[in-house]
Amino acid sequence: MKKKLIVGNWKMNGSLAANESLVQALRAGLSGGAACSVALAAPAPYLAQLQALCAGSCIEIAAQDVSQHEAGAYTGEVAAAMLRDFGVRYVLVGHSERRQFHGENDAAVAEKAQRALAAGITPIVCVGETLAEREAGQTEAVVRRQLAAVIHVNGRCISEVVVAYEPVWAIGTGKTATPAQAQEVHAALRAQLAAATVHAGAVRLLYGGSMNAANAAQLLAEADIDGGLVGGASLKAPDFLSIIAAAH
Ligand code: PGA
């Protein structure tokens, strides 16, 4: 059976000192091991620090974004190969904050996923509907379109990805999708994958959006929820450790 995966998304938070005490507390809490896989997505300048802090632990390193280009004159961008140099195992692509504030469209997200895979990094493909889209009954159409853009490439299906369903209205708002609402979308995503590849069962589908210590166990008990992408609650060691403990 595939292990669940819990990823902490620090977003644009942290400092050398705060990161060190957070990771030390997580390492202490995980000294007996974890039943699930655990990764932390730090801002790019802290990846080297995170690599050193997590060495010899079960915590893997994730990045929050990657360039859609391989190398060259792209000021401010970070290439997948550079992330790989710092031991990055996963990278978020298409987070709604990137789609919303940086104009990333489905095509750009697909290119980012390709760059990551080419560098040996697993993309965590974020999909999710806005409140207006949900209210208009478009949830499934939106997430299916976002996923299709990444997995259908030149007539073949890319299944070496993690998918994170993050309803935009639930991110950072304290409004979580109910386990049933999340499961409904996850089942639709699984069916979409199953229609495209025999490996659909092995793809991990994470839920994200105000996951916390109190609601994680119920969400993670759903059949097609294979882990979580955790923002706010990943900045507090006890909360993040409780979520990890709920993932087995
Ligand atoms: P949140 O963020 O847990 O703070 O809602 C999740 C995310 O955006 O990845």
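Residues numbered from 1 in each chain as written. Predicted model: local features only at pLDDT ≥ 70, side-chain atom pairs only at ≥ 80, totals over all residues. Heavy atoms only, no water.

**Thoughts on the layout of surface pockets**
- Volume-wise, the largest pocket comes out at about 510 Å³.
- Lining the largest pocket are 23 residues, and of these P43, A44, Q64, D65 and R98 sit closest to its centre.
- For the lining of the largest pocket, a count of residues per class yields 12 nonpolar, six polar and five charged.
- Reported here for the second largest pocket is a volume of approximately 210 Å³. (1 Å grid on protein atoms, 1.4 Å probe; cavity = no way out; pocket = protein on both sides within 12 Å on 5 of 7 lines; lining within 4 Å. Points joined across faces, edges and corners; volume = space filled by probe spheres on them. Nonpolar A, V, L, I, M, F, W, Y, C, P; charged D, E, K, R; others polar.)

**Overview of the nonpolar core**
- Grouped together as the largest cluster of nonpolar side chains are 65 residues, with contacts concentrated most on I6, L189 and Y207.
- When residues of this core are assigned to their parent elements, the largest contribution, five residues, is made by helix α10 (residues 237-246).
- Setting aside residues no more than four positions away along its own chain, L189 makes contact with V127, V143, L147, V163, Y165 and L205.
- Counting 13 residues, the second-largest nonpolar core is a separate cluster that includes A39, L92, I124 and L229. (Core = buried A, V, L, I, M, F, W, Y, C linked by side-chain atoms within 4.5 Å. Buried < 20%, exposed > 50% of the residue type's maximum accessible area, 1.4 Å probe, protein only. Helix = DSSP H or I, 4+ residues; strand = E, 2+ residues; numbered from the N terminus. Contact = heavy atoms within 4.5 Å.)

**Looking at α10**
- Among all positions in α10, only A237, F240, I243, I244 and A246 are buried.
- Taken together, the buried residues of α10 touch β1 (5-9), α1 (16-29), β2 (37-42), α9 (216-220) and β10 (227-230).

**Focus on empty space enclosed by the protein**
- Applying the stated criterion across every chain yields a total of one cavity of 30 Å³ or more.
- Around the largest cavity, the lining residues are G94, H95, S96, R99, C126, V127, G128, Q146, E166 and V168.
- Elements with a contribution of two residues or more to the lining of the largest cavity: α4 (96-101) and β5 (122-127).
- Of the residues belonging to the lining of the largest cavity, the class tally is three nonpolar, five polar and two charged.

**What about the site of the ligand?**
- Near the ligand, the surroundings consist of 13 residues, among which K11, H95, E166, G172 and S210 are the closest.
- One of the side-chain nitrogen or oxygen atoms of H95 is found 2.7 Å away from an oxygen atom of the ligand.
- Protein contacts shield 95% of the accessible area of the ligand, which totals 280 Å² for the unbound molecule.
- When atom positions are compared with the pocket grids, the ligand is found to occupy the second largest pocket.
- Across the shell around the ligand, the residue classes break down as four nonpolar, seven polar and two charged. (Near = heavy atom within 4 Å. Polar contact = N/O pair within 3.5 Å; in protein donor to acceptor, adjacent residues only side chain to side chain. Areas by Shrake-Rupley, 256 points an atom, 1.4 Å probe, with all protein chains shown as cover. Sits in = over half its atoms within 2 Å of the grid points.)

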